[in-house]
Amino acid sequence: DIASWKFHDAIKEIDKSIANLQKTNDSLLGSDRQLRLANDKAQEESIKKLTRGNPTMASKFKELEDS
């Protein structure tokens, strides 16, 4: 009986470990998707888009052109 109980207890612990690893895997995959989306958005940005209509940046670029 003791051996059977320990065997079933070990199986339960293995199942718990597998469930925890699956949760970690799902979280990492979700993070990967979020990072990919953020990277795609960052790739779409340009200096022109980020500085358009910004008077401070316009004056800095004007200073660079003049020098």
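Relevant structure appears above.
Everything in this summary refers to the structure shown in the same document.

Each value, and the rule that gives it
- Residues numbered from 1 in each chain as written.
- Predicted model: local features only at pLDDT ≥ 70, side-chain atom pairs only at ≥ 80, totals over all residues.
- Heavy atoms only, no water.
- Salt bridge = Lys/Arg side-chain N within 4 Å of Asp/Glu carboxyl O.
- Helix = DSSP H or I, 4+ residues; strand = E, 2+ residues; numbered from the N terminus.
- Buried < 20%, exposed > 50% of the residue type's maximum accessible area, 1.4 Å probe, protein only.
- Patch = residues over 30% accessible without salt bridge, like charges linked within 9 Å, V, L, I, M, F, W, Y side chains within 5 Å.
- Areas by Shrake-Rupley, 256 points an atom, 1.4 Å probe, with all protein chains shown as cover.

**Brief notes about the pattern of salt bridges**
Phase 1 of the analysis: For the structure shown, the criterion picks out three salt bridges.
Phase 2 of the analysis: The residue arginine 36 makes a salt bridge to aspartate 32 at a minimum N-O spacing of 2.9 Å. Pair noted here: arginine 36 and aspartate 32 are both in helix α1 (residues 2-44), with a separation of four residues, about one helical turn.
Phase 3 of the analysis: With relative accessibility at 46%, the residue arginine 36 sits in the partly exposed group.
Phase 4 of the analysis: Note that aspartate 66 and lysine 62 form a salt bridge whose closest N and O atoms lie 3.5 Å from each other. Of the two residues, aspartate 66 and lysine 62 are both situated in helix α3 (residues 55-66); the distance of four residues between them amounts to about one turn of the helix.

**As for a nonpolar patch on the surface**
Phase 1 of the analysis: A grouping of Phe7, Ile11, Ile14 and Ile18 is seen on the molecular surface, where their side chains present a nonpolar patch of about 380 Å² in accessible area.
Phase 2 of the analysis: In this structure, isoleucine 14 sits in helix α1.

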